Amino acid sequence: MSSRKQPKGKIRPPKKPNSADAQFNDNWDRLAQAIREIHKKNASILSFEELYRNAYNMVLHKNGDKLYNGVREVITQHLEEVAVSQVVPAFPLSGASSSQTNPNGAGGANFLKVLKTVWEDHTTCMLMIRDILMYMDRVYAKTANVPLVYDLGLDLFRDTIVRSQNYPIQNHLLEVLLQQIKLERENEIIDRTNVKASIDMLLELTDASTKDTVYATDFENKFLETSSEYYRVEGQMLVGEYDAPEYMKKVDKRLNEEEQRVRHYLSQTTEPKIRNIVEEELISKHLKTVIEMENSGLIPMLRNEKMDDLGRMYKLFGRVVKGHDEMKSAISDYIRELGKAINETVTSNTTAEGGNAASGDKQTGATVAVRWVQEVLDLKDKFDKVQNLALSNDKAFQTSFNEAFEYFINKNSKSPEFISLFIDDNLKKGLKGKTEEEVDSVLDKTITLFRFIGEKDVFERYYKQHLAKRLLLGRSVSDDAERGMIGKLKVECGYQFTTKLEGMFNDMRISSDTMTDFKEYLDKSVLEKPKLDLSVTVLTSTFWPMNLSASPRCNLPPELTKACGTFQNFYLGRHSGRRLTWQSNMGTADIRGSFKARKHELNVSTYQMVILLMFNDKQDGESLSYEQIKGESDIPEADLKRNLQSLACAKYKILVKEPKGKEINPGDQFNFNNDFTAPLQRIKIQTVASKVESEGERKETREKVEEARKHQTEAAIVRIMKDRKTMEHNLLIAEVVKQLQSRFMPNPALIKKRIEALIEREYLERATGDRRVYNYLA
Amino acid sequence: HSGLSKDLSSILNDADDFNVIIQVGVKNNIKEYRAHSVILRARSAYFKSALSTDWITKKNGMILYNKPNITPTIFDILLKYIYTGELDLKEYQDEDILELLVASDELLLEELFDHVQDY
């Protein structure tokens with residue numbers, strides 16, 4: 001600035017004594033004096049009209065630049081004096097700046113207060129100066145392209161006070177501001193008005209080169225740097241001293257404080273920047289440490305269902321990039337771990353009891369399966385609750401939880417069977433103690449587990465078997481519940497699965513109609529009536545899961561054989577061309593047994609009836625050997641053993657076995673137990689209930705599933721090739737996988753084998769040019 | 001429109017609620033005008049500053065203002081223009097018009113200045 005080089009004191013006009021100059025000098029002296037009076041707050045003695053006219057005349061007489069420079073000089077001079085007489089004496093004691101917080105805080109606050117006064121005085125004076133120099137602003141400043149006088153005042157204040165070259169005002173100002181903020185962060189009460197005044201001042205001043213505010217160029221970066229350092233240290237201190245919930249509360253508080261601080265006395269533009277710093281230093285840098293805190297981290301929170309803390313963590317960690325990912329993976333790992341533990345209790349249980357799996361022991365029944373499903377459901381409930389109460393039902397978390405459930409559920413190869421058994425259990429005794437709605441909601445939850453199963457076809461196979469048993473043994477409690485379940489499965493698996501199930505229901509209904517007709521037929525008929533009530537269920541072989549193509553071996557008593565013959569004639573008379581095969585392994589019979597104490601009605605399986613009837617011909621105390629029973633009844637060995645077990649080794653001992661024991665062995669002797677007593681008149685001899693399959697049965701089921709998969713895979717290949725006519729190997733594999741994965745995950749090797757089988761059977765051929773491409777042969 | 005300027009000129013001429021007394025001219029050619037600071041300040045940047053609380057002197061509740069370098073003839077025109085926005089330059093002599101040009105420049109009545117200059 002050129003005026004700086006002029007000597008201090010009065011402006012010396014050029015020495016060219018003519019009347020115009022003299023006039024100017026005279027006018028200028030009076031104006032300069034007036035400005036000094038304004039600075040002294042003596043404006044009331046001044047006349048606006050005169051001063052304005054004075055300046056007006058100067059500009060009119062082309063002395064605008066002299067006037068402008070003169071004004072600059074007077075203001076600068078004034079501000080220099082202000083710096084020396086007011087600002088510098090208010091400097092807080094240097095040296096004590098970092099150690100003694102309180103006295104220094106007061107010194108700093110006083111400094112800011114002085115600066116506030118100085119700034120307010122300056123702006124007030126500048127407004128008055130602007131008033132009297134309005135003509136200069138409008139006419140001279142515009143054409144000379146210099147700042148308006150008020151802006152000139154701001155620039156002079158910036159350069160003479162705030163960024164003074166002569167005094168370390170800037171250093172003190174920044175230091176005091178940062179010190180005040182630090183004090184406030186450490187819970188001291190500071191006078192925010194003074195801080196705000198200085199900040200507002202910095203915001204009003206403009207940096208000449210960047211055109212940005214002096215706040216942005218001088219203050220903000222320093223503020224952010226010191227904040228970074230402050231929170232870096234605090235972060236390290238806090239993770240060392242506090243547990244996770246406390247840590248998060250502190251961070252929450254800090255974030256809130258910084259937001260409030262910006263709102264109260266900083267610029268809004270600083271808000272995202274300081275937020276980022278706190279988030280970086282207090283959240284990002286300590287994510288893992290907090291999540292993994294030994295007794296208070298994420299896993300303990302989940303274990304103890306600390307929903308508030310979990311919710312806080314979710315909100316807090318969601319602020320930073322990796323936050324939710326870290327939480328998600330930690331929770332998923334935890335779910336997998338818990339799932340693994342559930343799977344392990346089951347495997348240890350089943351292997352321990354594997355030896356006497358057929359004994360009818362309660363543990364080996366469906367209970368292991370039911371317990372496994374119940375535990376998985378409980379786990380699911382727990383995490384649904386977490387999801388709901390703490391994680392705002394975040395879809396990304398849900399997906400990751402689902403993957404974790406899917407993972408461990410499929411780690412248990414028996415899960416399809418277990419889930420089906422669980423449903424079986426609920427549909428069999430469901431209504432006991434549970435309302436229909438409760439059963440329904442349990443079944444709904446079970447369906448969610450079903451979705452996690454990779455091998456849905458295996459589940460379907462078990463479900464069919466269990467349903468068949470429920471229907472044939474009359475074990476199902478509620479038809480509505482059964483149909484409700486089928487409805488749910490229809491939604492999940494599609495109609496081709498449920499049509500067979502519905503077919504099973506249909507067979508049951510038609511059979512009941514058929515029996516009514518049969519009774520009518522007998523009443524009207526001249527035939528000899530059977531000596532027993534025969535009830536027949538006719539099953540359509542394709543709907544039912546068991547092999548119905550042949551009758552199992554069994555020598556039925558003559559009365560029964562005769563009654564069967566009568567029904568067969570009746571039925572085939574109505575439906576010519578059908579073939580009936582009698583499934584003696586599935587029937588039940590009500591028979592009356594006379595014991596010493598009283599008579600009991602026994603509800604037994606057809607096989608058991610056959611066995612018991614043999615004892616009718618025996619004297620009291622006369623025994624039959626295992627071999628005799630086997631030879632006479634011709635019942636298949638496994639079935640025979642199981643039924644003998646039910647009669648001789650279970651709750652109701654209708655037969656007495658020699659030697660005693662739970663297992664049936666060749667050479668065992670059986671006696672009718674004449675001494676049998678029981679409180680109830682009617683007794684149901686439990687046939688071996690639905691239970692977890694033995695290894696042999698499992699292998700058989702597995703083989704059947706594999707066989708079914710071969711067919712499904714071939715069907716899918718043919719379907720696709722029929723449509724596309726020609727297709728490349730990998731694309732075909734991908735398409736087959738896509739079509740089948742809702743039921744099971746076919747492996748490429750299996751698909752490849754099926755393709756080869758289809759080529760052999762001339763459904764497909766390899767393209768002549770490219771062996772990786774197949775053609776469809778119509 | 002004409003009704004508005006008519007009413008406004010009646011405020012200037014017959015008002016009893018004025019709060020500014022402006023003395024115009026020098027020596028023998030002095031005239032006192034009564035006016036309303038709210039109107040003057042709204043219409044002119046010059047008066048907005050001149051009549052702000054920072055600068056005024058009051059006597060008996062009246063703001064007193066001196067404007068010596070403008071003659072009553074010219075100030076008549078100015079004041080009428082300030083109140084009503086109306087001006088008919090044909091009514092005036094050339095030397096008055098020149099003086100009006102200078103005064104409107106000093107008082108930063110830019111619209112008026114432009115209008116007179118064009119004339």
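The shown structure was predicted, so the numbers you read here are calculated from the model rather than taken from an experiment.

Turning our eyes to something else, we now look at the overall build of chain B. In terms of regular secondary structure, chain B is built from 6 helices and 4 strands. Put simply, chain B runs from its N terminus to its C terminus through helices and strands in the order α-β-β-α-α-β-β-α-α-α. Whereas a compact globule of 119 residues would reach a radius of gyration of roughly 14 Å, chain B reaches 14 Å, a difference of no more than 12%. Here the C-alpha coordinates of chain B stretch approximately 40 × 35 × 25 Å along the principal axes. Per-residue burial for chain B yields a buried fraction of 43% across its 119 residues. At a minimum sequence separation of 6, the contacts of chain B that also span at least 24 residues come to 57%. With 12 positive and 20 negative side-chain charges, chain B shows a separation of 8 Å between the mean positions of the two kinds.

So, about the overall build of chain A. For chain A, the helix and strand inventory stands at 30 helices and 9 strands. Its C-alpha radius of gyration of 48 Å places chain A more than 25% over the 28 Å reference for a compact globule of 778 residues. With the principal axes as the frame, chain A shows a C-alpha extent of 160 × 70 × 50 Å. Residues classed as buried in chain A amount to 47% of the 778 residues present. Nonlocal contacts in chain A, meaning residues at least 24 apart in sequence, comprise 70% of its contacts between residues at least 6 apart. Split by element, the accessible area of chain A, about 39,600 Å² in all, is 49% carbon and sulfur. Here chain A carries 117 positive and 115 negative side-chain charges, and the mean point of each set is 2 Å from the other.

What follows concerns the pattern of salt bridges. Residues and elements named next belong to chain A. Inspection of every chain in the model, using the stated rule, returns 63 salt bridges over all chains. One salt bridge in this structure joins E455 and R709, with 3.0 Å as the shortest N-O distance. Of the two residues, E455 is situated in the loop between helix 20 (436–452) and helix 21 (456–472) and R709 in helix 28 (residues 695–724); the sequence distance between them amounts to 254 residues. A residue is classified by how much of its surface remains accessible, and E455, at 24% relative accessible area, is partly exposed. On the basis of relative accessible area, R709 is assigned to the buried category, the value being 7%.

As a further point, take helix 6 (residues 134–144) of chain A. The α-helix advances 3.6 residues per turn, and as a result positions three or four apart in sequence lie on the same side. Among all positions of helix 6 of chain A, only M134, Y135, M136, D137, Y140 and A141 of chain A are buried. A positive backbone phi angle near 55° is found at N145 of chain A, which sits one or two residues after helix 6 of chain A.

Once that is clear, we can look at the sheet that holds strand 3 (residues 624–625) of chain A. Residue and element names in this part refer to chain A. Reading across from one edge, 3-5-4 is the order of the 3 strands in this open sheet, with antiparallel pairing throughout. Two strands in the sheet have a free side with no partner beyond their single neighbour: strand 3 and strand 4 (655–658). With 2 bridges joining them, strand 3 and strand 5 (residues 669–672) adopt antiparallel strand pairing. Bridged to L624 within strand 5 is F670. Where helix 27 (residues 637–648) meets the sheet, its contacts fall on strand 4 and strand 5, and the angle it forms with strand 4 comes to roughly 110°.

The next thing to look at is the environment of D65 of chain A. Take D65 of chain A: it is sitting in helix 4 (residues 64–87). D65 of chain A gets classed as partly exposed once you look at its relative accessible area, which sits at 38%.

For an interface, size is often stated in terms of accessible area lost upon the parts coming together. Here the domain parsing of chain A yields domain 1 (20–92 + 103–174), domain 2 (234–320), domain 3 (326–348 + 364–493), domain 4 (509–574), domain 5 (588–684) and domain 6 (695–776). Spacing between the C-alpha centres of domain 5 of chain A and domain 6 of chain A amounts to 51 Å.

Time to look at the confidence of the model for chain A. Residues and elements named next belong to chain A. In the predicted model, chain A carries a mean pLDDT of 85, and the fraction of residues at 70 or more is 92%. Overall, residues 1–8 carries pLDDT values under 50, and its contacts beyond four positions in sequence, including any with other chains, amount to 11 contacts. Here residues 95–102 scores under 50 on pLDDT; set against residues more than four positions off or in separate chains, the count is 6 contacts.

Residue and element names in this part refer to chain A. Counted by the stated rule, this structure contains 0 disulfides over all chains. With no disulfide of its own, C554 has C564 as its nearest cysteine by sulfur position, at a separation of 10 Å. Residue C554 is classed as buried on the basis of its relative accessible area of 16%. Note on C564: relative accessible area 7%, which makes it buried.

Further remarks concern the interface of chain A and chain B. Residue-level contacts link 16 residues of chain A with 17 residues of chain B. The contact between chain A and chain B buries some 1,500 Å² in all, and 61% of this surface belongs to carbon and sulfur atoms. Put simply, chain A and chain B have 2 salt bridges between them. Measuring nitrogen to oxygen at the nearest pair gives 3.0 Å for the salt bridge that ties E110 of chain B to R138 of chain A. Listing elements by their share of the side of chain A that touches chain B, those giving two or more residues are helix 3 (48–60), helix 5 (101–132) and helix 6 of chain A. Considering each element in turn, the side of chain A that touches chain B owes the most residues, 7 residues, to helix 3 of chain A. Classifying every residue of the side of chain A that touches chain B gives 12 nonpolar, no polar and 4 charged.

A word on the packing of aromatic side chains. Taken as a whole, this structure holds 33 aromatic pairs over all chains when the rule is applied. The interplanar angle of 85° and the centroid separation of 5.2 Å between the aromatic rings of Y46 of chain B and F47 of chain B together place this pair among those described as edge-to-face. Each member of the pair, Y46 of chain B as well as F47 of chain B, is classed as buried. What links up through ring pairs into an aromatic cluster is the set F48 and Y52 of chain A together with Y46, F47, W55 and Y65 of chain B. When the ring centre of Y150 of chain A is taken as reference, the NZ or CZ atom of R130 of chain A above it lies at 5.8 Å. Between R43 of chain B and the ring centre of Y81 of chain B, over which it is positioned, the NZ or CZ distance is 5.4 Å.

Residues and elements named next belong to chain A. One open sheet accounts for 3 strands, arranged 1-2-6; its pairing is mixed. In this open sheet, the two strands that pair with only one neighbour each are strand 1 (588–594) and strand 6 (682–684). Pairwise comparison of adjacent strand axes, ignoring direction, gives a mean angle of 25° for this sheet. Where strand 2 (residues 599–605) and strand 6 come together, 3 bridges link them in parallel fashion. Bridged to N603 within strand 6 is K684. With respect to the sheet, helix 25 (residues 606–614) is in contact with strand 1 and strand 2, its orientation differing from that of strand 2 by roughly 130°.

Let us now look at the packing of helix 21 of chain A against helix 28 of chain A. Residue and element names in this part refer to chain A. Two numbers describe how helix 21 lies on helix 28: the axes approach to 10 Å, and their chain directions differ by 120°. Between helix 21 and helix 28, the angle is such that the two are oblique. Helix 21 and helix 28 meet at a crossing whose hand is right-handed. Seen from helix 21, the contacting residues are D457, V458, R461 and Y462; seen from helix 28, they are R698, T701, R702, K704, V705, A708 and R709.

We now examine the confidence of the model for chain B. Scored by pLDDT, chain B has a mean of 87; 99% of the residues are at 70 or more. Among the prediction metrics, the complex's ipTM stands at 0.93, with pTM recorded as 0.73.

This paragraph deals with the nonpolar core. If you look at the biggest cluster of nonpolar residues, it comprises 192 residues, and the most contacted ones within it are L67, F111, L133 and F219 of chain A together with F47 and L78 of chain B. Ranked by the residues each element gives to this core, the list is headed by helix 5 of chain A, at 11 residues. In this structure L133 of chain A touches L31, A55, L67, V71 and V149 of chain A, once residues within four positions along its chain are discounted. Judged by nonpolar contacts, the second largest core, of 44 residues, contains A563, M614, L655 and A678 of chain A.

Another point: the packing of helix 17 (residues 367–389) of chain A against helix 18 (residues 395–411) of chain A. A packed helix pair is summarised by two numbers, namely the angle formed by the two axes and the spacing between the axes. All names here are of chain A. Where helix 17 contacts helix 18, the two axes come as close as 11 Å, and the packing angle between them is 165°. Viewed along their axes, helix 17 and helix 18 adopt a mutual orientation that is roughly antiparallel. Crossing of helix 17 over helix 18 shows right-handed handedness. Within the contact between the two elements, helix 17 uses W372, V376, L379, K380, F383, D384 and Q387 and helix 18 uses F397, Q398, F401, F405, F408 and I409. Partitioned by chemical class, the residues of the contact of helix 17 with helix 18 number 9 nonpolar, 2 polar and 2 charged.

What counts and how
Residues numbered from 1 in each chain as written. Chains lettered and ligands numbered in written order. Predicted model: local features only at pLDDT ≥ 70, side-chain atom pairs only at ≥ 80, totals over all residues. Heavy atoms only, no water. Helix = DSSP H or I, 4+ residues; strand = E, 2+ residues; numbered from the N terminus. Rg over C-alpha atoms; globule rule 2.2 N^0.38 Å. Buried < 20%, exposed > 50% of the residue type's maximum accessible area, 1.4 Å probe, protein only. Contact = heavy atoms within 4.5 Å. Lys, Arg positive; Asp, Glu negative; His and termini not counted. Charge placed at Lys NZ, Arg CZ, Asp CG, Glu CD. Areas by Shrake-Rupley, 256 points an atom, 1.4 Å probe, with all protein chains shown as cover. Salt bridge = Lys/Arg side-chain N within 4 Å of Asp/Glu carboxyl O. Pairing = 2+ DSSP bridges. Axes fitted to C-alpha atoms, helices over the stretch in contact; angles between N-to-C directions. Domains from an automatic or database assignment. pLDDT = per-residue confidence, 0-100. Disulfide = S-S within 2.5 Å. Buried area = accessible area lost by both parts, 1.4 Å probe. Nonpolar A, V, L, I, M, F, W, Y, C, P; charged D, E, K, R; others polar. Phe/Tyr/Trp six-rings, centres within 6.5 Å; stacked < 30°, edge-to-face > 60°. Lys NZ or Arg CZ within 6 Å of the ring centre and 35° of its normal. Parallel < 35°, antiparallel > 145°, perpendicular 65-115°, else oblique. Left-handed = near helix turned anticlockwise from the far one by under 90°. Core = buried A, V, L, I, M, F, W, Y, C linked by side-chain atoms within 4.5 Å.

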